[in-house]
Amino acid sequence: MSQNNIDATEIDRFAKLSSQWWDADGKFKALHALTPARMRFIRETAHAHFPDLQPGLRPLTGKTVLDVGCGGGLASEPLARLGATVLGIDPAEENIEAARTHATQAGLTLTYAAQRAEDLVAESRTFDLVVSLEVIEHVPDPAAFVATCGALVAPGGVLVLSTLNRTARAYALAIVAGEYILGWLDRGTHDWNRFVTPDELARYLRAAGLHPQRPRGTVYAPLTDSWRLSDDVGVNYMMAAIRRAD
């Protein structure tokens, strides 16, 4: 991933919202609602791939996890609660400070750093599980971003990405409804042209030396105000990819 694969406007947008990361009724309400479905997908992926997972409430004990573009730590904290040794990184210092403050208040032990994924690649760091959730649609070069994330996956490890599909339905729901009607996010948060189709994402993953798995959609249920995993990948979806041990 090149030194220029960061959109300063995007970084600034989320940095200005750093005080709201943990307000479940604020600007990140949709991400809070998505968290249970995200964690279910990650847990299912981990259980299917790692035969040595621990039983009980902390199955990721002994596993190292990197959360790329962690924001305020909405995914990092649940991963730490599952027992993982977690490093969350984000280029915005404001987001990292918000994440550190909340983790301290919650009594959780995990590490945050205001740095880029490329910095870790330069240090030859690798992790059992790398996650990057709702980030790829905010970078200028998604293929390079996937290659960088893939380089951080240890042999035998897993990369998990979530994003938005580039469909008319995603435009209608994520942008028109989510930003203009429901006001879940500020207007202009998403650029439909940067949404990534599952076929494109799978191609980027294979080019990075990873083996993509079948994508799963996350679908909003308005009657229960919750998200669930689904075979419908027309709007939001998640995809895991394996770096083979050999």
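The model shown is predicted, which means the values in this text are computed figures rather than measured ones.

(A) Focus on the packing of aromatic side chains. Under the counting rule described, the total for this entry stands at four aromatic pairs. Taking 5.3 Å as the distance between ring centres and 50° as the angle between the ring planes, the aromatic pair formed by Tyr 220 and Trp 227 counts as tilted. We classify Trp 227 as buried; its relative accessible area is 14%. Three or more aromatic residues link up through ring pairs in this structure, and these residues are Phe 14, Trp 21 and Phe 28.

(B) Broad picture of unusual backbone geometry. For Ser 124, which is not glycine, the phi dihedral falls at a positive 60°. Of note, Ser 124 is situated in the loop between α5 (117-122) and β4 (127-133). The exposure class of Ser 124 is exposed, given its relative accessible area of 64%. At Glu 134, a position not held by glycine, the phi torsion is positive, near 55°. Residue position: Glu 134 is located in the loop between β4 and α6 (142-151).

(C) Up close: helix α8 (residues 198-207). Buried residues of α8: Pro 198, Glu 200, Leu 201, Ala 202, Tyr 204 and Leu 205, and no others. In this structure, the buried side of α8 is in contact with α6, β5 (153-164), β6 (211-212) and β9 (236-242).

(D) Broad picture of the side chain of Thr 35. Turning to its location among the elements, Thr 35 is positioned in helix α2 (residues 29-49). In this structure Thr 35 comes out as buried when scored by relative accessible area, which is 14%. In this structure Thr 35 touches Leu 74 and Pro 78, once residues within four positions along its chain are discounted.

(E) View of the nonpolar core. Among the nonpolar cores identified, the biggest contains 40 residues, and Leu 79 and Val 160 are the most heavily contacted of them. Looking at this core, the elements with two or more residues in it are α2, α3 (76-81), α4 (93-106), β4, β5, β8 (226-230) and β9. Leave out the neighbours within four places in its chain, and Val 160 touches Phe 41, Ile 42, Thr 45, Leu 129, Val 130, Val 131, Ser 132, Leu 133, Met 238, Met 239 and Ala 240. Ala 117, Leu 159, Val 196 and Val 233 belong to the second largest nonpolar core, which has 30 residues in total.

(F) Region of the structure containing the pairing of β5. The buried fraction of β5 is high, at 10 of 12 residues. Pairing analysis gives six bridges linking β4 to β5, with the strands arranged parallel. Bridging across to β5, Phe 127 finds its partner in Val 153. Read as a crossover between parallel neighbours, the route from β4 over α6 to β5 is right-handed.

(G) Representation of helix α1 (residues 8-15) within the structure. All buried positions along α1 are accounted for by Glu 10, Phe 14 and Ala 15. All buried residues of α1 fall inside an arc of 130° around its axis, so they share one side. Opposite its buried face, α1 presents the exposed residues Ala 8 and Thr 9, each directed more than 90 degrees away. Those residues of α1 that are buried are in contact with α4.

(H) Spatial organisation of the pattern of salt bridges. One pass over the full model with this rule turns up 14 salt bridges. Salt-bridge contacts for Glu 118 lead to Arg 116; the nearest nitrogen and oxygen are separated by 3.2 Å. In this structure, the salt-bridge partner of Asp 231 is Arg 214, at a minimum N-O distance of 2.9 Å. Taken together, the residues span a long stretch of sequence, with Asp 231 in the loop between β8 and β9 and Arg 214 in the loop between β6 and β7 (216-221) at a distance of 17 residues. Per residue, the accessibility class of Asp 231 equals that of Arg 214, and both read exposed. Through salt bridges with shared partners, a single network forms among Glu 10, Arg 13 and Arg 194.

(I) Broad picture of the side chain of Thr 163. Along the chain, Thr 163 falls in strand β5. For Thr 163, a relative accessible area of 0% corresponds to the buried category. Among the polar contacts listed, one links the side chain of Thr 163 to the side chain of Glu 137, at a separation of 2.8 Å.

(J) Looking closely at the pairing of β9. Buried residues dominate β9, accounting for seven of its seven residues. Here β5 runs beside β9; their pairing, made up of seven bridges, is antiparallel. Bridge assignment links Val 158 to a residue of β9, and that residue is Ile 242. Of the pairings in the sheet, the one linking β6 to β9 comprises two bridges and is antiparallel in character. Across the sheet, residue Pro 212 finds its bridge partner in β9, namely Ala 241.

What counts as what
Residues numbered from 1 in each chain as written. Predicted model: local features only at pLDDT ≥ 70, side-chain atom pairs only at ≥ 80, totals over all residues. Heavy atoms only, no water. Phe/Tyr/Trp six-rings, centres within 6.5 Å; stacked < 30°, edge-to-face > 60°. Buried < 20%, exposed > 50% of the residue type's maximum accessible area, 1.4 Å probe, protein only. Helix = DSSP H or I, 4+ residues; strand = E, 2+ residues; numbered from the N terminus. Contact = heavy atoms within 4.5 Å. Core = buried A, V, L, I, M, F, W, Y, C linked by side-chain atoms within 4.5 Å. Pairing = 2+ DSSP bridges. Right-handed = clockwise from strand over helix to strand, strands pointing away. Arc of directions from axis to C-beta. Salt bridge = Lys/Arg side-chain N within 4 Å of Asp/Glu carboxyl O. Polar contact = N/O pair within 3.5 Å; in protein donor to acceptor, adjacent residues only side chain to side chain.

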